[in-house]
Amino acid sequence: AFYALYKLKSDTKWDYEIGLRAEQTNNNGLVKSLGVDFENNYLNLFPTINIGYIIAENQNIRISYGKRINRPSLGQLNPFTDITDSLTQRSGNPKLLPEISNNLELAYSKDFNKGSFLSKLYYRNSQNSILPFTVLRSDGVLFTQHLNAGITQTTGIETIFTIEPNKYWQTNWSVSLFNQKIDAKNINAEA
């Protein structure tokens, strides 16, 4: 991985951050007993942009964009079938691609004498979403495997309150509401 970040804080109330991260992933596997040989090698670029504005000494607003990656874990790639229960089986999927997300956020924060408040609106658009998919096979077995499920769009709001009544005690309260839409037309439900 390689990461570069440029940060500028002007004499005014504005600040800017622009970054770029490059990541090369090499993920190879061979399972001779199953005849599975897979290779997942990919290069990704992840830009980041943050723009902040100081409304007052203890208040600011920020808009940010960032591209992120969620790589499949080893368990999600492992092609062996887990037969813990004869009617419920699961297996990894060595053909999984990484999930790539474009994230956009608008945040407002305010600091108080004994606490703070942060609220942010967000939108996330993910390609190749990694989700578990279960089918009922003709032999009565429920078989679960992670698949790349097309596109997932998530919109939401998150609010965090931090209260410090004294120097020995701090409490955090948070509320999060979101709506998620999954477009998995690429998955054949009859498979």
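Everything quoted here is computed from the prediction, not taken from an experiment.

**Thoughts on the sheet that holds strand β5 (residues 81–85)**
As summarised here, the arrangement of the four strands in space is β5-β6-β10-β9, forming an open sheet in which the pairing is mixed. In this open sheet, the two edge strands, each paired with only one partner strand, are β5 and β9 (130–136). For this sheet the average axis-to-axis angle between neighbouring strands, irrespective of direction, equals 25 degrees. Bridge count between β5 and strand β6 (residues 88–91): three bridges; the pairing is antiparallel. Bridging across to β6, D82 finds its partner in R90.

**What about the sheet that holds strand β2 (residues 14–31)?**
What the eight strands build is an open sheet, ordered β1-β2-β3-β4-β7-β8-β11-β12; its pairing is antiparallel. Each of the sheet's edge strands pairs with one partner strand only, and the pair in question is β1 (2–9) and β12 (169–183). Here the average twist between neighbouring strands, direction ignored, is 10 degrees. Of the strand pairs in this sheet, strand β3 (residues 36–56) and strand β4 (residues 59–70) are connected by eight bridges, and their pairing is antiparallel. Residue pairing across strands places I51 opposite I63, the latter belonging to β4.

**Some thoughts on the environment of E17**
Secondary-structure assignment places E17 in strand β2. Spatially, the C-alpha atoms of E17 and R68 are 16 Å apart, while their sequence positions differ by 51 residues. Setting aside residues up to four positions removed in sequence, E17 forms contacts with L5, Y6, K7, T48, I49 and N50.

**Observations regarding the pattern of salt bridges**
Per the stated rule, a full pass over the model turns up eight salt bridges. Note that E23 is salt-bridged to R21, the shortest N-O span being 2.5 Å. R21 carries the same exposure label as E23, and that label is buried. K120 is the partner of E105 in a salt bridge, and the nearest nitrogen-oxygen pair spans 3.6 Å. With E105 in strand β7 (residues 99–112) and K120 in strand β8 (residues 115–127), this pair connects stretches of sequence that are 15 residues apart. In the salt-bridge network here, residues are joined through shared partners; they are E105, K120, R124 and E158.

About the cut-offs
- Residues numbered from 1 in each chain as written.
- Predicted model: local features only at pLDDT ≥ 70, side-chain atom pairs only at ≥ 80, totals over all residues.
- Heavy atoms only, no water.
- Pairing = 2+ DSSP bridges.
- Helix = DSSP H or I, 4+ residues; strand = E, 2+ residues; numbered from the N terminus.
- Axes fitted to C-alpha atoms, helices over the stretch in contact; angles between N-to-C directions.
- Contact = heavy atoms within 4.5 Å.
- Salt bridge = Lys/Arg side-chain N within 4 Å of Asp/Glu carboxyl O.
- Buried < 20%, exposed > 50% of the residue type's maximum accessible area, 1.4 Å probe, protein only.

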